[in-house]
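# Coordinate analysis (summary)
The chain contents come next:
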Amino acid sequence: MTFFDEVKRRRTFAIISHPDAGKTTLTEKFLMYGGAVQLAGTVTARNNHRATTSDWMDLEKQRGISVSSTVLQFDYDSYCVNLLDTPGHHDFSEDTYRVLTAVDAAVMVIDAGKGIEAQTRKLFEVCRRRGVPIFTFMNKLDRPARDPLDLLDELEKVLGIQAYAVNWPLGAGDQFKGVYDRIRGEVHLFERTVQGAYRAPVVIGDLSSPAMSSQLSERVFAQVQEELEMLDAAGADFDLERIHSGQLTPVFFGSAMNNFGVQLLLDNFLALSLPPGPRPSTQEEIVPEAPFFSGFVFKIQANLDPRHRDRIAFVRIVSGKFQRDMMVHHSRTGKMVRLSNAQKLFGRERETLDEAYAGDVIGLVGKDDFGIGDTLTENSAVVFHEIPRFSPEIFAYLHNANNAKYKRFNDGFKQLLQEGVVQTFEVDSAVRKGALLGAVGPLQFEVVQYRLESEYGAESTLEPTGFVAARWIRAKDSSQTQTTPVMTMDTVLARDSDQNLVVLFQTQWALRSFGERNAGFEISDVPFAGSSEASPSRKRTAEAVVSG
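Along each chain, residue indices are assigned from 1 in the same order as the chain's sequence is written. Two thresholds apply to this predicted model, a pLDDT of at least 70 for residue-level local features and 80 or more for giving and counting side-chain atom pairs, whereas whole-chain, interface and lining totals are computed over all residues. In computing side-chain values, all of the structure's heavy atoms are included and hydrogens and water are not.

### A word on the sheet that holds strand S7 (residues 167-170)
Spatially, S7-S8-S9-S10 is the arrangement adopted by the four strands of the open sheet, whose pairing is antiparallel. On the outer flanks of this sheet lie S7 and strand S10 (202-205), each paired with one strand and no other. Strand-to-strand twist of the sheet, defined as the mean angle between neighbouring strand axes without regard to direction, takes the value 20°. With four bridges joining them, S7 and strand S8 (residues 178-181) adopt antiparallel strand pairing. Across the sheet, Pro169 pairs through a bridge with Val179, a residue of S8. Throughout, a contact is declared for two residues whenever any of their heavy atoms are within 4.5 Å. For helices, the axis comes from a line fit to the C-alpha atoms of the stretch in contact; other axes are also lines fit to C-alpha atoms, and the angle between any two N-to-C directions lies between 0 and 180 degrees. Numbered from the N terminus, helices here are DSSP runs of H or I no shorter than four residues, and strands are runs of E no shorter than two. Helix H8 (residues 218-234) rests against S7 and S8 of the sheet, and its axis sits at about 160° to S7. The criterion for strand pairing is that DSSP finds at least two bridges linking the strands in question.

### Quick look at the sheet that holds strand S30 (residues 501-505)
Across the sheet, eight strands lie side by side as S27-S24-S26-S25-S29-S30-S28-S31; this open sheet has antiparallel pairing. Edge strands, defined here as strands with exactly one partner in the open sheet, are strand S27 (460-464) and strand S31 (521-524). Strand-to-strand, the axes of this sheet are offset by a mean angle of 40°, without reference to chain direction. Of the strands in this sheet, strand S28 (469-475), strand S29 (491-495), S30 and S31 touch helix H13 (residues 508-517), which is tilted by about 135° from S30.

### Here we look at the nonpolar core
Nonpolar side chains tend to gather and get buried jointly when the protein is soluble and globular. Among the nonpolar cores identified, the biggest contains 117 residues, and Leu26, Leu155, Phe253, Phe298, Phe322 and Leu364 are the most heavily contacted of them. If you tally residues by element for this core, the top one is helix H10 (residues 262-272), at seven residues. Not counting the four nearest positions on each side in its chain, Phe298 is found in contact with Val71, Leu84, Arg98, Val99, Thr101, Ala102, Phe314, Val315, Arg316, Val361, Ile372 and Ile387. We define a nonpolar core as any set of buried Ala, Val, Leu, Ile, Met, Phe, Trp, Tyr and Cys residues linked to one another through side-chain atoms lying within 4.5 Å. Three labels apply to residues, based on accessible area from a 1.4 Å probe with only protein chains included: buried if under 20% of the type maximum, exposed if over 50%, partly exposed otherwise in between. By size, the runner-up hydrophobic cluster in this structure holds 16 residues, among which are Ala396, Val421, Leu437 and Ala458.

### Some remarks on a nonpolar patch on the surface
Within this analysis, patches are made of residues with over 30% relative accessible area and no salt bridge. Like charges are joined at 9 Å or less; nonpolar side chains (Val, Leu, Ile, Met, Phe, Trp, Tyr) at 5 Å or less. Accessible surface area values rest on a Shrake-Rupley calculation with a 1.4 Å probe, where residue burial reflects the displayed protein chains alone. For salt bridges, the criterion is a side-chain nitrogen of Lys or Arg within 4 Å of an Asp or Glu carboxyl oxygen. A grouping of Ile183, Phe238 and Leu240 is seen on the molecular surface, where their side chains present a nonpolar patch of about 230 Å² in accessible area. Checked against the element boundaries, Leu240 lands in helix H9 (residues 240-244).

### Things to note about the packing of aromatic side chains
For this analysis, a ring pair means two rings from Phe, Tyr or Trp (six-membered ring only for Trp) whose centres lie within 6.5 Å, classed as stacked if their planes differ by under 30 degrees, edge-to-face if by over 60, and tilted for the remaining angles. Under the defined criterion, the tally for this structure stands at 17 aromatic pairs. Relative to Phe253, the ring of Trp168 lies with its centre 5.2 Å away and its plane at 70°, an arrangement referred to as edge-to-face. In this pair, Trp168 is assigned in strand S7 and Phe253 in strand S11 (residues 248-253), connecting sequence segments 85 residues apart. Exposure class is identical for Trp168 and Phe253. Each is buried. Taking 6.1 Å as the distance between ring centres and 10° as the angle between the ring planes, the aromatic pair formed by Phe409 and Phe413 counts as stacked. Here Phe413 and Phe409 lie together in helix H11 (residues 406-419), a separation of four residues that amounts to about one turn. Taken together, the ring pairs connect Phe13, Phe30, Phe135 and Phe269 into an aromatic cluster. Remark: a charge is flagged as sitting over a ring if the NZ atom of Lys or the CZ atom of Arg is within 6 Å of the ring centre and within 35 degrees of the ring normal. Over the ring of Phe314 we find Lys299; its NZ or CZ atom is 5.8 Å from the centre of that ring.

### Regarding the pattern of salt bridges
If you walk through the whole model with that rule in mind, you get 21 salt bridges. One salt bridge in this structure joins Asp153 and Lys157, with 3.1 Å as the shortest N-O distance. Of this pair, Asp153 and Lys157 both sit in helix H6 (residues 148-158), four residues apart, roughly one helical turn. Look at the salt bridges and you will find they share partners, linking Glu6, Arg9, Arg10, Asp75 and Asp360 into a network.

### Observations concerning helix H5 (residues 118-130)
For an α-helix, the turn length of 3.6 residues means that residues three or four places apart are oriented alike. Here H5 contains 13 residues, and its C-alpha end-to-end distance of 19 Å stays within 8% of the 18 Å for a straight helix at 1.5 Å per residue. Gly131 occupies a position one or two residues after H5 and carries a positive phi of about 70°. Given a helix with a known number of residues, its expected span is that number minus one, times 1.5 Å.

### Concerning the environment of Leu170
Checked against the element boundaries, Leu170 lands in strand S7. Considered as a pair, Leu170 and Tyr180 are 10 residues apart in the sequence and their alpha carbons are 7.0 Å apart. Once residues lying within four places of it in the same chain are set aside, the contact partners of Leu170 are Gln175, Phe176, Lys177, Gly178, Val179, Tyr180, Val187, Leu189, Leu216, Val220 and Val224.

### Brief notes about the environment of Arg316
By the secondary structure assignment, Arg316 is in strand S15 (residues 311-319). Arg316 gets classed as buried once you look at its relative accessible area, which sits at 0%. A sequence separation of 22 residues divides Arg316 from Ser294, and the C-alpha atoms of the two residues are 8.7 Å apart. In contact with Arg316, other than residues within four places in its own chain, are Thr12, Ala102, Val103, Asp104, Pro276, Arg279, Ser294, Gly295, Phe296, Phe298, Gly359 and Asp360.

### A word on the pairing of S30
Most of S30 is tucked away, with four of its five residues classed as buried. In this structure, S29 lies alongside S30, joined through five bridges in antiparallel fashion. Looking at the pairing, Val492 lines up with Leu504 of S30. The hairpin formed by S29 and S30 contains five residues between the paired strands, and Gln499 there has a positive phi angle of roughly 70°.

### Description of the pairing of strand S25 (residues 423-427)
Among the five residues of S25, four are classified as buried, and the element is accordingly described as predominantly covered. Sheet topology places S25 next to strand S26 (residues 435-439); three bridges connect them, and they run antiparallel. Bridging from a neighbouring strand, Gln423 pairs with Gly438 of S26.

As structure tokens, this is what we get:
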């Protein structure tokens, strides 16, 4: 294949949902239909069931939730698929949002019995702001479900996006037999397999044929015909351009657990979605076909292989072709680095990679200087600012519970900071020893403690604080006389890992009134753009925090 053919066949997407809507189950079934795994696993593996490929961490297997984003690359039909499984829980929003910067499309999974839930709405808004096309999968039709017309109506009213039903369910719950493909005019009747571990046998035919209609009850058959007539008369029209611009979402119905409609979703998604597109940079828009390699780090993960204490930087290739041992410019340090150890990723598994193309996600092993948001490129003028930052909502001090294991604690904590699992702050004139952590939710703290102990053999304790919010500040005018902010008893001045000024608040009242007392300062709930470029390196700052 030519370079252009290789780029054209790439599809890089994430699966997003509210917790328990079936996101990880659908991921596993995509792998099964794509031939990447022979036997689909279960989210909470019990007895002799095989665990899912994407939830590789022991904590994920125990809790039955996705804690860390996972990259799964496989070939299907004529496509090279880069599938990113993301956490659904609100507490891990930062990891999910970063992953959404690396994709070209998203599959949104909705529980057909519950409809749109809180986290689904938040993730949808992130995709909409980025212009990411959304494909919707109404899951769990094998259980009691809401009326499918109501589900389509909710998409339009709650999310503000028009919906086109590519297929339509034939019944629901115990009566769910399959789906009607509206584009091809075909009925797909499915048979259940034991625990959904294998591809579901399917019979394809015409809805009007006696063989097909006899498989449905008279009530279901009449209801389906009536609903299809309503969709044809009053539903949204199929428009590929509006799908690509994120204004129209194709909707698919099925059951990931029983494999009903999974292959229809996968086939249609790959056919209707776009190959890698251009990305904005500080210089200009960078197209995939640009004659130079460029990409950005959107995730850091340590100990995928616990035997080697390794560290992988996940890189989304934006343009050009990656080749092993190539030299690239590292934007944050300004140094030239050799990319000698690249890996193709499949959950926890990986293999050495010699080349990759725009749209691919690759893993770079052993580069301690790489951080989240870094640009790697053959064109030193190009810098991507893709990675969003977040304001923590809960805070706690982390302490080493065993001084004899100080080095393990120190090494493990520095690594987790580089991964961006939590944020860390240095409080001015702090009496307490230990690192002040900030996170979106308490489960992030649980992950830090769990990983410190399981991966580094270091126990830790958490000391909750009374802080409720953090805000970044900087002077509006460098010539102003007021150089330090006016603080009150319920505010504390601190610095983040890039040495930017941060104010920590103990009450919502203090947060609301701070701006009135400090009119000479800009206030932001996230770090100011470009403020970290001139600050000390993250690694050196992290070491100072830990040792302090």
